[in-house]
Amino acid sequence: MKQHFINNKNTKARVYEWGRKENPTIICLHGLGSTSLSFLELGELLKDKYYIISIDLPGHGRTPAFENDEDYGIPNLIKWVSDVIELVEKNSFYILAHSWGGCIALHYAAQYPEKVKKILLLDGGYHIKQTQYDYFTNIDKNQLDFKPDCSLEDEIKSYTTDFDGYIFSNWNDFLEVERNNYLRWSKLLEQATKDLMKEEEDGTIRFCACGDTARGAIKSMYNFPTDVIYDKLETTPILLMQATIPASWNEIRTLLVEEFQKRTNSLVKRVEATHLLHWDNPFLIAEEVIEWMK
């Protein structure tokens, strides 16, 4: 595994790499609030067969945030991603993307179809914000075990509160909470979770991604939904790995995935896992990557 920083006039980003450059290239795009090291376990499992490049998206990990939340709009964000990719890979490649990264991957593929061989989405790309808000507004909320976001304002408030409020007095307290947040734990997951955070001068441990970044990303997904480009993706081979946990999301997930599959001609596989399915079962996901991208 190698870490390096892109630092030129217009583009600054942290990038991790696994494997040899002569192997087929996979570009990895992480989800909202995450970092390039969220693919650490998959990178280690796949490095003998692929050259894997994982990018810290703006405002995440060690990549600087955009100055304004409007800069996270898809036109500017896809230009930024394209600029980074041009610096690290000149040929066509595969994309492995999780959650928000899946939305970015689909918009990138719609704009640069000649660059993308295949896409594997990890429970991402099919979430349409307004459809979700309408669903949770009209459903009987007593049957839910969580408070749903029923508007853009609700979701922005929820994310900014979580991101700006995720603070710990020391690393041990943080790791104790994190161990209980996932279905499994490993030394590599510990490394990946520590990468989510930064230590301030006063010794407190804070989330690398801030509320302003979350606001920009959520607004971007709302203002530039992927369903407006579904018809442009019909010729791009896409495999969606759909999470099934929690069960309370199954109905809306199924509605969204059925529309996505119908309009993009994508292949869909359901995985008994949470939204972080590559953390829940990295071995299964690695097998799916090898099968899909061979």
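Above this text you will find the structure in question.
Presented here is a report on the structure given in the accompanying data block.

### As for the overall build of the protein
And step 1. A count of helical and extended segments in the protein gives eleven helices and eleven strands.
And step 2. Its C-alpha atoms give the protein a radius of gyration of 18 Å, within 12% of the compact-globule value 19 Å for 294 residues.
And step 3. For the C-alpha atoms alone, the extent of the protein along its principal axes is close to 55 × 50 × 35 Å.
And step 4. Counting all 294 residues of the protein, 55% fall into the buried class.
And step 5. Sequence separation of 24 or more characterises 72% of the internal contacts of the protein that already satisfy a separation of 6 or more.
And step 6. Split by element, the accessible area of the protein, about 13,400 Å² in all, is 47% carbon and sulfur.
And step 7. One way to put it: in the protein the 33 positive side-chain charges average out to a point 5 Å from where the 45 negative ones average out.

### Some details on the environment of Met-241
And step 1. Its place among the elements puts Met-241 in strand S10 (residues 238-243).
And step 2. Take Met-241: its relative accessible area is 1%, and that puts it in the buried class.
And step 3. Taking C-alpha positions, Met-241 is 22 Å from Tyr-222, a pair spaced 19 residues apart along the chain.
And step 4. Setting aside residues up to four positions removed in sequence, Met-241 forms contacts with Leu-120, Leu-121, Leu-122, Asp-123, Lys-269, Val-271, Leu-277, Ile-285 and Glu-288.

### Focus: the packing of helix H6 (residues 171-179) against helix H7 (residues 187-194)
And step 1. Running from N to C, H6 and H7 point in directions that differ by 120°, and their axes come no closer than 11 Å. As far as their axial angle goes, H7 and H6 are oblique. In this structure, H6 crosses over H7, and the sense of that crossing is right-handed. Contacts between H6 and H7 involve Trp-171, Phe-174, Leu-175, Glu-178 and Arg-179 from the former and Glu-190, Thr-193 and Lys-194 from the latter.

### Digging into the nonpolar core
And step 1. The biggest cluster of nonpolar side chains holds 66 residues, and the ones touching the most others in it are Leu-29, Ile-55, Ile-95 and Trp-100.
And step 2. If sequence neighbours within four positions are ignored, Trp-100 has contacts with His-30, Gly-31, Leu-32, Leu-57, His-60, Tyr-72, Leu-77, Ala-217 and Met-221.
And step 3. Formed by 25 residues, the second largest nonpolar core is a distinct cluster that contains Leu-42, Ile-52, Leu-122 and Val-271.

### What to know about the pattern of salt bridges
And step 1. Within this structure, the stated rule accounts for 19 salt bridges.
And step 2. Here Glu-70 and Lys-219 are joined by a salt bridge, their closest N and O atoms 2.7 Å apart. Taken together, the residues Glu-70 in the loop between strand S4 (51-55) and helix H2 (74-88) and Lys-219 in helix H8 (residues 211-223) connect sequence positions 149 residues apart.
And step 3. Note on Glu-70: relative accessible area 52%, which makes it exposed.

### Looking at the sheet that holds strand S7 (residues 167-168)
And step 1. Taken in spatial order, the three strands make up an open sheet running S7-S9-S8, and their pairing is antiparallel. Two strands lie at the open edges of the sheet, namely S7 and strand S8 (197-199), each paired on one side alone.
And step 2. In the sheet, S7 pairs with strand S9 (residues 205-207) via two bridges, with the strands oriented antiparallel. Paired with Ile-167 across the bridge in S9 is Arg-206.

### Considering the sheet that holds strand S11 (residues 267-271)
And step 1. Strand order in the open sheet formed by eight strands is S1-S2-S4-S3-S5-S6-S10-S11, and the pairing between neighbours is mixed. Two strands in the sheet have a free side with no partner beyond their single neighbour: strand S1 (2-7) and S11. Taken over all neighbouring pairs, the strand axes of this sheet differ in orientation by 20° on average, direction set aside.
And step 2. As paired elements, strand S5 (residues 93-98) and strand S6 (residues 116-122) share five bridges and run parallel to each other. Its bridge partner being in S6, His-98 is matched across the sheet by Leu-122.
And step 3. Each of strand S3 (25-29), S5, S6 and S10 touches helix H3 (residues 100-111); the most contacted strand, S5, lies at about 145° to it.
And step 4. Across the sheet, helix H11 (residues 282-293) lies against S3, S5, S6, S10 and S11, angled at about 160° from S6, the strand it touches most.

### Quick notes on the packing of helix H4 (residues 129-138) against H8
When two helices pack together, their arrangement is given by the angle between their axes and by how far apart the axes lie.
And step 1. Orientation of H4 relative to H8, taken along the N-to-C sense of each, is 90°, at an axis distance of 7 Å. The pairing of H4 with H8 is recorded here as roughly perpendicular in orientation. Across from Lys-129, Gln-130 and Tyr-133 in H4, the residues of H8 making contact are Ile-218, Met-221 and Tyr-222.
And step 2. Its residues assigned to classes, the contact of H4 with H8 comprises four nonpolar, one polar and one charged.

### Side note on the side chain of Glu-155
And step 1. When you line up the elements, Glu-155 lands in helix H5 (residues 152-165).
And step 2. Polar side-chain contacts of Glu-155 include one of 2.6 Å to the side chain of Tyr-133.
And step 3. Residues in contact with Glu-155, not counting those within four places in the same chain, are Lys-129, Tyr-133, Asp-149 and Ile-218.

Calculation notes
- Residues numbered from 1 in each chain as written.
- Predicted model: local features only at pLDDT ≥ 70, side-chain atom pairs only at ≥ 80, totals over all residues.
- Heavy atoms only, no water.
- Helix = DSSP H or I, 4+ residues; strand = E, 2+ residues; numbered from the N terminus.
- Rg over C-alpha atoms; globule rule 2.2 N^0.38 Å.
- Buried < 20%, exposed > 50% of the residue type's maximum accessible area, 1.4 Å probe, protein only.
- Contact = heavy atoms within 4.5 Å.
- Areas by Shrake-Rupley, 256 points an atom, 1.4 Å probe, with all protein chains shown as cover.
- Lys, Arg positive; Asp, Glu negative; His and termini not counted.
- Charge placed at Lys NZ, Arg CZ, Asp CG, Glu CD.
- Axes fitted to C-alpha atoms, helices over the stretch in contact; angles between N-to-C directions.
- Parallel < 35°, antiparallel > 145°, perpendicular 65-115°, else oblique.
- Left-handed = near helix turned anticlockwise from the far one by under 90°.
- Core = buried A, V, L, I, M, F, W, Y, C linked by side-chain atoms within 4.5 Å.
- Salt bridge = Lys/Arg side-chain N within 4 Å of Asp/Glu carboxyl O.
- Pairing = 2+ DSSP bridges.
- Nonpolar A, V, L, I, M, F, W, Y, C, P; charged D, E, K, R; others polar.
- Polar contact = N/O pair within 3.5 Å; in protein donor to acceptor, adjacent residues only side chain to side chain.

Function cannot be read off these values alone, since they describe shape.
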